[in-house]
Amino acid sequence: NGGDVYAASAIYTALKEHQGNVTVKIDGTAISAASVIAMAGNEVLMSPTSVMMIHNPWTFVEGEAKDLEHYAGVLREVKETILNAYQLKTGKSRDEISELMDTETWMGAEKAISMGFANGRLYEPGEEVSSEAYQGMVNGARMVFNSLRNKPMKLEVQNQKEDQSDQVKEDELAKARLNLEKLRY
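As the structure is a prediction and not an experimental result, all values here were calculated from the model.

A. Quick peek at the sheet that holds strand β2 (residues 29-31). The three strands lie next to each other as β2-β4-β5, forming an open sheet whose pairing is mixed. Sheet topology places β2 and β5 (105-108) at the edges, where each strand pairs with a single neighbour. Across the sheet, the mean angle separating the axes of adjacent strands is 10° when strand polarity is ignored.

In structure tokens, the structure reads:
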């Protein structure tokens, strides 16, 4: 499934830094932030029953107009970073990928391959599933199950009254920055 865009960025970078070839096998879903992680693979293989989905980043925000405007800018900048991963993998233009993200694009294996988000299918005729692949699928299913327990984080921005002390304002700003780190993709 999806997840936190900042965690996805760290995982993507770690995989890209790996000295060997990285093969990403999508056995169920690569949705949202998980699709960004998948782009790190030298080879991305999808099960014929799997799906990938890309979309614009989103979050929950509270606050006054200037807070909402600020976080709209943050989301636009985060989208630019996500576009980098998709563009490096697919070779498509930023405008084309941006449009796909704007419309929330869902892709089965064949569509993802034809659009450059994947390189091939798993389980071609005559191909057997290895015990390592089976264990990977079991572990993947466990990760999906565990991720379903997580609920979207709520980014809270508190209105600050003019009569608050500078320290209180700094504390509130620090809390808002910490919550921003929980920005969900």
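From this point, the narrative continues.
B. Examining the packing of aromatic side chains more closely. Within this structure, the stated rule accounts for two aromatic pairs. Ring centres of tryptophan 58 and phenylalanine 60 lie 5.6 Å apart, and the angle between their planes is 85°; this geometry places the pair in the edge-to-face category. Geometrically, the ring pair formed by tyrosine 86 and phenylalanine 117 is edge-to-face, given 5.7 Å between the ring centres and 70° between the ring planes. Here phenylalanine 117 lies in the loop between α5 (109-115) and β6 (120-121) and tyrosine 86 lies in helix α3 (residues 65-90), a separation of 31 residues in the sequence.

C. Structural context of unusual backbone geometry. In this model, serine 32 sits at a positive phi of 60°, which is unusual for a non-glycine residue. Its place among the elements puts serine 32 in the loop between β2 and α2 (33-38). The class of serine 32 is buried, set by a relative accessible area of 4%. The phi angle at glutamate 104 is positive, at roughly 50°, despite the residue not being glycine. Within the secondary structure, glutamate 104 sits in the loop between α4 (94-102) and β5. Residue class for glutamate 104 comes out partly exposed when judged on its relative accessible area of 40%.

D. Representation of the sheet that holds strand β1 (residues 23-26). Pairing within the open sheet is parallel, and its three strands lie in the order β1-β3-β6. Strands with a single pairing partner mark the edges of an open sheet, and in this sheet they are β1 and β6. Pairing of strand β3 (residues 43-46) with β6, which is carried by two bridges, proceeds in the parallel orientation. Within β6, the position partnered with leucine 45 by the bridge is glycine 120.

E. Structural view of helix α1 (residues 5-17). Taking 1.5 Å per residue as the helical rise, α1 with its 13 residues ought to reach 18 Å, and the 18 Å between its terminal C-alpha atoms agrees with that figure. Along α1, the positions that sit buried rather than exposed are Val5, Ala8 and Tyr12. The buried residues of α1 occupy an angular sector of 55° when the element is viewed end-on, so they sit on one face. Residues of α1 that are exposed and angled more than 90 degrees away from the buried face: Ala14 and Glu17. In this fold, the buried residues of α1 make contact with α2 and α3.

F. Layout of the nonpolar core. Judged by nonpolar contacts, the single largest core of 31 residues is most densely connected at Ile26, Met39, Met52, Tyr86 and Phe117. Looking at this core, the elements with two or more residues in it are α1, β1, α2, β3, β4 (51-54), α3, α4 and α5. By residue number, the principal contributor to this core is α3, which donates seven residues. Apart from residues lying up to four places away in sequence, methionine 39 is in contact with Tyr12, Met52, Ala85, Tyr86, Lys89 and Phe117.

G. Highlighting the pattern of salt bridges. Scanning the model with the defined rule gives four salt bridges in all. Glutamate 96 is the partner of lysine 92 in a salt bridge, and the nearest nitrogen-oxygen pair spans 3.4 Å. Arginine 121 is the partner of glutamate 110 in a salt bridge, and the nearest nitrogen-oxygen pair spans 3.0 Å. Here glutamate 110 is found in helix α5, whereas its partner arginine 121 is found in strand β6, with eleven residues between them in sequence.

Analysis parameters
- Residues numbered from 1 in each chain as written.
- Predicted model: local features only at pLDDT ≥ 70, side-chain atom pairs only at ≥ 80, totals over all residues.
- Heavy atoms only, no water.
- Pairing = 2+ DSSP bridges.
- Helix = DSSP H or I, 4+ residues; strand = E, 2+ residues; numbered from the N terminus.
- Axes fitted to C-alpha atoms, helices over the stretch in contact; angles between N-to-C directions.
- Phe/Tyr/Trp six-rings, centres within 6.5 Å; stacked < 30°, edge-to-face > 60°.
- Buried < 20%, exposed > 50% of the residue type's maximum accessible area, 1.4 Å probe, protein only.
- Expected span 1.5 Å × (residues − 1).
- Arc of directions from axis to C-beta.
- Contact = heavy atoms within 4.5 Å.
- Core = buried A, V, L, I, M, F, W, Y, C linked by side-chain atoms within 4.5 Å.
- Salt bridge = Lys/Arg side-chain N within 4 Å of Asp/Glu carboxyl O.

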